[in-house]
Amino acid sequence: MVTDETSGKASDELKPTTDAVEPPDAGVDPVPRPRRRLGLLLSVAAVVLMLDIVTKVLAVRLLTPGQPVSIIGDTVTWTLVRNSGAAFSMATGYTWVLTLVATGVVIGIIWMGRRLVSPWWALGLGLILGGAMGNLIDRFFRSPGPLRGHVVDFLSIGWWPVFNVADPSVVGGAILLVVLSLFGFDFDTVGRRRSEPAARVEADPS
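The sections below set out a description of the structure shown in this document.

Conventions we followed
Residues numbered from 1 in each chain as written. Predicted model: local features only at pLDDT ≥ 70, side-chain atom pairs only at ≥ 80, totals over all residues. Heavy atoms only, no water. Pairing = 2+ DSSP bridges. Helix = DSSP H or I, 4+ residues; strand = E, 2+ residues; numbered from the N terminus. Phe/Tyr/Trp six-rings, centres within 6.5 Å; stacked < 30°, edge-to-face > 60°. Axes fitted to C-alpha atoms, helices over the stretch in contact; angles between N-to-C directions. Contact = heavy atoms within 4.5 Å.

## Overview of the pairing of strand E2 (residues 76–83)
Part 1 of the reasoning: As paired strands, strand E1 (residues 69–72) and E2 are joined by three bridges and run antiparallel to one another. Note that in E2 the partner of Ser-70 across the bridge is Thr-77.
Part 2 of the reasoning: Hairpin connection between E1 and E2: a loop of three residues separates the two successive antiparallel strands, and Gly-73 in this loop has a positive phi of roughly 55°.
Part 3 of the reasoning: Here six bridges tie E2 to strand E3 (residues 151–157), and the two strands are oriented antiparallel to one another. From the neighbouring strand, Trp-78 faces E3, where its bridge partner is Leu-155.

## Considering the packing of aromatic side chains
Part 1 of the reasoning: Counting across every chain of the model gives two aromatic pairs.
Part 2 of the reasoning: When the centroid spacing of 6.1 Å and the interplanar angle of 35° are considered together, the rings of Trp-78 and Phe-154 count as tilted. Separated by 76 residues along the polypeptide, Trp-78 in strand E2 and Phe-154 in strand E3 bring together distant segments of the chain.

## Focus: the sheet that holds E3
Part 1 of the reasoning: With respect to topology, four strands assemble into an open sheet ordered E1-E2-E3-E4, the strand pairing being antiparallel. Each having just a single partner strand, E1 and strand E4 (160–163) make up the two edges of the open sheet. Each neighbouring strand pair of the sheet contributes to a mean axis angle of 40°, computed without reference to strand direction.
Part 2 of the reasoning: Packed onto the sheet, helix H2 (residues 38–62) meets E2 and E3 and runs at close to 85° relative to E3.

Encoded structure:
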């Protein structure tokens, strides 16, 4: 009996192959996405907000307006003051404007937090957010009324205007963000941003 080798070879070629073809990038781990820092931002803001609320409640209960309590002589005192202005008693008389500005700052920071990956920016923005919300609560819920409420200040140091926990938090956070920007740290990148010429050379080595 004669076997048709040619037809056998042809039938073998027509059989479907079961070997899976691996893609060229199989086994290569994709580039990990940077970790979002919204949780860190909100945690820092929550700590600042709680400290601000607790210290203001204690100041209102324990201190009498116009009667400073000495901490270090006359240089550092507990002094209860109702402030209608901004941080460190600035811009008094524009309470409702400051309330609207603070509200815009809070909304803007939360919106930025969706793309936030830098832990240092999260720290700075968290300080600002917590301080802004602390004073904003006073604007809405303290007398003389919503949008016009006076902020509770209670700490006096030398010639510096009386302030609270929220004030240095906002100022310190703002200074940190300025320093980060000057040194090339962006809120939506990890580490320092690369200069444009270096990026071009890396993209086109020829």
